[in-house]
Amino acid sequence: MQLDQLKQVSDVEWRIAPFGKMRVPAVIYADQALITEMDDKVFEQITNVATLPGIVQAAYAMPDAHWGYGFPIGGVAAFDADAGGVVSAGGVGFDISCGVRTLHTGLKAEDVAPLKQRLADRLFTHIPAGVGSTGKLRLDAGGMDAMLRGGARWAVEHGYGSEADLDRIEEHGCMAGAEPGQVSEHAKRRQRDEIGTLGSGNHYLELQEIVEIHDTKAADRFRLRQGEVVVSIHCGSRGLGHQIGTEFLRQMVIAAPGYGIDLPDRELACAPIHSPVGQAYLGAMRAAVNCALANRQVITHLTRKVFADLLPGTHLSLIYDVSHNTCKEEWHTVDGQTRRLYVHRKGATRAFGPGHPSLPGELRDIGQPVLIGGSMGTASYILVGTEEGGTRAFSSACHGAGRSMSRHQATRQWHGRALVDELASQGILIRSPSLRGVAEEAPGAYKDVSAVVEAADRAGLARKVAKLKPLVCIKG
DNA sequence: ATGTCC
C-alpha cells in the first residue's frame, strides 16, 4: 500500500480523511511493515465502506486485513438504523458466524505426546472435514428450525455438551432474533446433514500447547498454564450460511437503487436496516449465527468423545467461543452519546473490555477472551479485550493471520505432501482430506500472525495473554 | 468460505 495517501497517527494507526463520497474517515491499524505489505485493495474497499449511508465514526481495518468481497476481510463498520444505516451481506461475509472456540484440557503436553498420533487419527476419523462433508445428524424441517432458533442451546438440549458451555459463548450460545422463516428451503436443504462438520479452507481443529504467557493475571483467569494443551475449533455455518449470503447479496443488489443507495462497488450491496430486505437478512443471518454455534457445539461433543476414549477422565471445558463474521446490535458510546448500532465485523473479533454486561459473570471483571487463530503450523494467540478498545473500532480486534497470497498462487508455490512432511518433522501432525487444500493453506501464504497480534496489542484493541503452538491439526 | 460453475 502507498503510505503517502495515509496520515500516520501512531506507530500502529493510519488515518484516511474523508474524500469523494466518504461520510466518515477510514482507519487502518497496522505497523509499518504490515501496512506496506497490505493489499491496495484494502485502501479501496475500506474507503468505499466509509461512503455507505448511516455509517458511524469511521470505517476500520484490522492488522490482518486483506481483499474480500466488497468489505475487506478484517473490516469493521457500525451503522445507526435511525440515521439511514444499512446492513450488508458482503459486510458480514459468506461464512456467517465463522469463528473459533478454545477448550481447556488440563493435560500437560508431555503427557499428550505419546498419544499424538492416535489422537490425530481418531479426531480425523470422528470429525468430518472437507468440502461437502456430512455428519451423523439428520435434521427434518422441525429440527432444522429448532436448531436455527436455538444455536448451541439447541445442541446442549440434544445432549451435545452442558449448560456450563453456554455461559462461555457469545450471546450465551443463542442469538436472539433468528427467523428460520427467512431462510430459504434451498439453504436448509444444504444444511440437513452438515451439522457437526468442519468444512474446508482455513477451518481446522487443533491441539495446541501453551508456549508463552504474556499476562499472568488474565491467563490465570482463563486457566491457561504454560506447557498445557488446549483444543481449538475453527469453523462456521457451512452450506447454510453460504447460501444465505449468496441469496441476500443478489436481493440487495436489486433492492439498493430503490432505496436511493448509490454504491461505489456492487459488491457492497446493502439495504437499510429499517427495510423489509434489511430485516429479512438480519433474521436469516441470525439463524445462520445459531447454525454456526450449534455446529461448533456438536464438534466439541465429538472431540470430548475422542478424548474420553483415549484419555479417560479428561474434562474439556470451554474457555470461550467467538464469531468472526457477524452483524450485531450493540450499544456504543460515540462522542459522549450512547447509541444502538449495528456493528459489522467481517474477519474481525468482538473484544469487549472489563465490565461489559454481555460477558459471563466469571470473566466480567477481566474482559473477553479474544481467540486469534493463526495459519496452519504457525502459532495462535489468546488475547483479552481492553477498556480503551471501546473507543477504537467498537471493541473489535483482528481474527487471525490474514492471507497475504491468493489460494491459487499458493498452490503454484507449495505442494501439500511436502508441507505435511515438513510440518511432521517439526512435530506438527496434519490430517486432511485434501492435499490441495493443505497447499492453499501454506503458512507462507499468510501474514506473520505474531506481527498482527503485536500490532493489535500496541493499538490497544486487545492485550496479549498467551501464545499457542500447534501439535496436531485436523484441516478441512 | 462454498455440493470450489445452475
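Chain A is annotated in an unreviewed UniProt entry as tRNA-splicing ligase RtcB of Thiobacillus denitrificans. If you open the UniProt record of chain A and go to Subunit (unreviewed entry), you find "Monomer."

Enquirer: Help me get a handle on the state of the cysteines, residues and values and all.
Expert: The tally for this structure, following the rule as stated, stands at zero disulfides. Unpaired in terms of disulfides, Cys-235 finds its nearest cysteine sulfur in Cys-98, a separation of 7.5 Å.

Enquirer: If you had to explain the UniProt feature "active site" (unreviewed entry) in chain A to someone new, which residues and values would you point to?
Expert: According to UniProt, the feature "active site" (unreviewed entry) maps to His-399 in the numbering used here. Among the secondary structure elements, His-399 is positioned in the loop between strand 17 (396-398) and helix 13 (407-413). Judged by relative accessible area, which is 13%, His-399 ranks as buried. Not counting residues within four places of it along the chain, the set of residues in contact with His-399 comprises Asp-64, Ile-73, His-324, Gly-347, Ala-348, Thr-349, Leu-371, Ile-372 and Gly-373. A polar contact of 3.0 Å, which involves the side chain of His-399, links it to the backbone oxygen of Gly-347.

Enquirer: Give me the protein's contact with DNA strand B: which residues, what numbers.
Expert: Neighbouring DNA strand B are 16 residues, the closest being His-186, Arg-190, Ser-200, Gly-201 and Asn-202. Per the 4 Å cut-off to the protein, sugar and phosphate atoms form 53% of the nearby atoms of DNA strand B. Measuring from a phosphate oxygen of DNA strand B, one finds a side-chain N or O atom of Glu-194 at 3.1 Å. One of the side-chain nitrogen or oxygen atoms of His-242 is found 3.3 Å away from a base oxygen of DNA strand B. At the level of elements, helix 9 (185-191) and helix 11 (238-255) are the ones that each hand at least two residues to the surface near DNA strand B. Of the residues forming the surface near DNA strand B, the biggest block, three residues, is contributed by helix 11. Across the surface near DNA strand B, the residue classes break down as two nonpolar, eight polar and six charged.

Enquirer: Just give me the short version of the UniProt feature "binding site: Mn(2+) 1" (unreviewed entry) in chain A, but keep the residues and values in it.
Expert: Listed under "binding site: Mn(2+) 1" (unreviewed entry) in the UniProt record, and renumbered for this structure, are Asp-95 and His-203. Annotated residues spanning 109 residues; largest pairwise C-alpha distance 10.8 Å, indicating a single compact cluster. Looking at where Asp-95 falls in the secondary structure, it is placed in the loop between helix 3 (89-92) and strand 7 (99-108). The residues contacting Asp-95, other than those within four sequence positions of it, are His-203, Gly-236, Ser-237, Arg-238 and Asn-325. Mapped onto the secondary structure, His-203 falls in the loop between helix 9 and strand 8 (204-213). Overall, His-203 belongs to the buried group, its relative accessible area being 7%. Excluding anything up to four places from it in sequence, His-203 contacts Asp-95, Cys-98, Leu-198, His-234, Cys-235, Gly-236, Ile-474, Lys-475 and Gly-476. Separated by 2.9 Å, the side chains of His-203 and Asp-95 make a polar contact.

Enquirer: Now, about the sheet that holds strand 1 (residues 7-10): what can you tell me, with residues and values included?
Expert: An order of 1-2-3-4-5-13-12 is seen for the seven strands of this open sheet, with the pairing classed as mixed. The two strands at the open ends of the sheet, each matched to only one other strand, are strand 1 and strand 12 (325-334). Going across the sheet, the axis of each strand differs from the next one's by a mean of 25 degrees, ignoring polarity. Sheet topology note: the strand 4 (residues 59-66)/strand 5 (residues 73-79) ladder contains three bridges and is antiparallel. Looking at strand 5, one finds that Ala-61 is bridged to Gly-75. Sheet contacts for helix 12 (residues 276-310): strand 12 and strand 13 (337-346); angle to strand 12, the most-contacted strand, approximately 110 degrees.

Enquirer: Describe unusual backbone geometry, with residues and values.
Expert: With phi around 60 degrees, Ser-97 is a residue other than glycine that occupies positive phi space. Tracing the backbone shows Ser-97 in the loop between helix 3 and strand 7. Looking at Ser-97, the relative accessible area reads 0%, which means it is buried. Non-glycine residue Asp-335 carries a positive phi angle of around 50 degrees. Inspection of the secondary structure puts Asp-335 in the loop between strand 12 and strand 13.

Enquirer: An account of the pattern of salt bridges is requested, with residue identities and associated values reported.
Expert: Here the structure, examined in full by the defined rule, presents 32 salt bridges. The partner of Arg-168 in a salt bridge is Glu-362, with the nearest N and O atoms 2.8 Å apart. Linking Arg-168 in the loop between helix 8 (163-166) and helix 9 with Glu-362 in the loop between strand 14 (348-350) and strand 15 (369-372), this pair joins segments that are 194 residues apart in sequence. Since its relative accessible area comes to 12%, Arg-168 is described here as buried. Residue Glu-170 pairs with Arg-350 through a salt bridge whose shortest N-O separation is 3.6 Å. In this pair, Glu-170 is assigned in the loop between helix 8 and helix 9 and Arg-350 in strand 14, connecting sequence segments 180 residues apart. One exposure class covers both Glu-170 and Arg-350, and it is buried. Each of Arg-403, Arg-407, Arg-436, Glu-440, Glu-441 and Lys-475 takes part in one network of salt bridges that share partners.

Quick notes on the rules
- Residues numbered from 1 in each chain as written.
- Chains lettered and ligands numbered in written order.
- Predicted model: local features only at pLDDT ≥ 70, side-chain atom pairs only at ≥ 80, totals over all residues.
- Heavy atoms only, no water.
- UniProt positions renumbered as here; feature names shortened; annotations may be inferred.
- Disulfide = S-S within 2.5 Å.
- Helix = DSSP H or I, 4+ residues; strand = E, 2+ residues; numbered from the N terminus.
- Buried < 20%, exposed > 50% of the residue type's maximum accessible area, 1.4 Å probe, protein only.
- Contact = heavy atoms within 4.5 Å.
- Polar contact = N/O pair within 3.5 Å; in protein donor to acceptor, adjacent residues only side chain to side chain.
- Near = heavy atom within 4 Å.
- Nonpolar A, V, L, I, M, F, W, Y, C, P; charged D, E, K, R; others polar.
- Pairing = 2+ DSSP bridges.
- Axes fitted to C-alpha atoms, helices over the stretch in contact; angles between N-to-C directions.
- Salt bridge = Lys/Arg side-chain N within 4 Å of Asp/Glu carboxyl O.

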